[in-house]
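Structural description and commentary
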Amino acid sequence: MILFSGNKKSKVGPVVARVSARSVLRSALTVCGAALIAATISSAAQAQPASCDPAYWESMKQRGMLEAQREVQQNQNLIFKADSVLELTCFDRQLQALAQQAISLFSETTRWGVILSPTSMDAALNNLVTTGLMNYIANNSFAHNYGGGRFPGDYTMQSAFGGSTVFNCNTMALVWEAAKCYNFAEESKDGFFMLSDFVEPRVGVGHQGFTCSGDGRLGNMRSVASNSGDQYQTETYNSYAGLFASNSCSAPIPTGVRVTRVNMTPYDEHICINPGCAYNLSTCASTAP
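Anyway, here's the lowdown on the structure attached to this text.

What follows covers the packing of aromatic side chains. This structure, assessed with the given rule, holds two aromatic pairs. Taking 5.9 Å as the distance between ring centres and 70° as the angle between the ring planes, the aromatic pair formed by Tyr136 and Phe142 counts as edge-to-face. Of the residues examined, Phe142 reaches a relative accessible area of 11% and is grouped as buried. The ring of Phe142 has Lys81 sitting right over it, with the charged end atom 4.7 Å from the ring centre.

Shown next as structure tokens:
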């Protein structure tokens, strides 16, 4: 009966109350902690640098593609179009020599009398080979000077008539000498292209001023690469490159370091960006003798 007295029952109530208060406090602290973590994550997400912006990544990617395309295009422009081997070896003169050396062949022989004229072999070779050769070289594929149009002089194909069995051909030697003596970027479009040159259609690219068509991608790639329309936020920075162009000593630039030396009053460190200038605790002065 003593175990169930009123005093024993009165001790149970406060114990239960203390446990409930502790649980409530723990739950409140948990909620506050979660809210604090969520606020911190949200703040960090809002304060992310511009380098984490997907638009910034897309701009870098498009610029990389443009630079790769520029390298390919530049190589194509600087590798000269090869001259025709038929020009370099004077193939028309070889035909002329053949026409003279083959006078005793076929119907041009005089062994059984004169059947055809002495130039029948010339005419046959001219009709069969030279006419098409001259049209191919002069009108269609190689209607330009040596070196793909860069070197002075050009080869003119002759007919098969009036040749000699002996001929001199130094065309290849002349082209080789011109190639070895040729300087870089002698023509306007032989230099390195800027990305701003990538417009479509590309007019005047190459030594002969060809117009190169396009599908419109270059203009869009250049727009994205240059951050047209402010697709991502740019960060400002201080550039001191202009100070290098000055012939005098420019203003000193603080480094943020406080210098303390023996027997000297402490001072703020500065640097002088111009060559031949030194900081004298007040300004940049020339150290030249």
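Bringing helix 4 (residues 91-101) into the picture now. Within the span of helix 4, buried status applies to Asp92, Leu95, Gln96, Ala97 and Ala99. Where helix 4 is buried, its residues contact helix 5 (120-141).

For Asn263, which is not glycine, the phi torsion reads 60° and is therefore positive. Its relative accessible area of 80% is what places Asn263 among the exposed residues. Positive phi, normally seen in glycine, also occurs at Leu281, with a value near 75°. Within the element layout of this structure, Leu281 appears in the loop between strand 5 (277-279) and strand 6 (284-286). With relative accessibility at 46%, the residue Leu281 sits in the partly exposed group.

Using the criterion set out here, one finds three disulfides in the structure. Cys90 shares a disulfide with Cys169; S-S distance 2.0 Å. In this structure, the disulfide formed by Cys90 and Cys169 twists by about 80° around the S-S bond and is classed as right-handed. Placement of the pair is Cys90 in the loop between helix 3 (85-88) and helix 4 and Cys169 in the loop between helix 6 (146-149) and helix 7 (171-181), with a sequence separation of 79 residues. When its relative accessible area of 0% is taken as the criterion, Cys90 is described as buried. Given the relative accessible area of 28%, Cys169 is considered partly exposed. Each disulfide pairs two cysteine sulfurs, and for Cys249 the partner residue is Cys277, the sulfurs being separated by 2.0 Å.

This paragraph deals with the pattern of salt bridges. Evaluation of the coordinates by the stated rule reveals three salt bridges. Glu58 is the partner of Lys61 in a salt bridge, and the nearest nitrogen-oxygen pair spans 3.2 Å. Taken together, the positions of Lys61 and Glu58, both in helix 2 (residues 54-78) and three residues apart, correspond to about one turn of that helix. Among the ionic pairs, Asp268 bridges to Arg258, the shortest N-O distance being 3.0 Å. In this pair, Asp268 is assigned in strand 4 (residues 267-271) and Arg258 in strand 3 (residues 253-259), connecting sequence segments ten residues apart. Judged by relative accessible area, which is 52%, Arg258 ranks as exposed.

Calculation criteria
- Residues numbered from 1 in each chain as written.
- Predicted model: local features only at pLDDT ≥ 70, side-chain atom pairs only at ≥ 80, totals over all residues.
- Heavy atoms only, no water.
- Phe/Tyr/Trp six-rings, centres within 6.5 Å; stacked < 30°, edge-to-face > 60°.
- Buried < 20%, exposed > 50% of the residue type's maximum accessible area, 1.4 Å probe, protein only.
- Lys NZ or Arg CZ within 6 Å of the ring centre and 35° of its normal.
- Helix = DSSP H or I, 4+ residues; strand = E, 2+ residues; numbered from the N terminus.
- Contact = heavy atoms within 4.5 Å.
- Disulfide = S-S within 2.5 Å.
- Salt bridge = Lys/Arg side-chain N within 4 Å of Asp/Glu carboxyl O.

On their own, these measurements won't tell you what the molecule is for.
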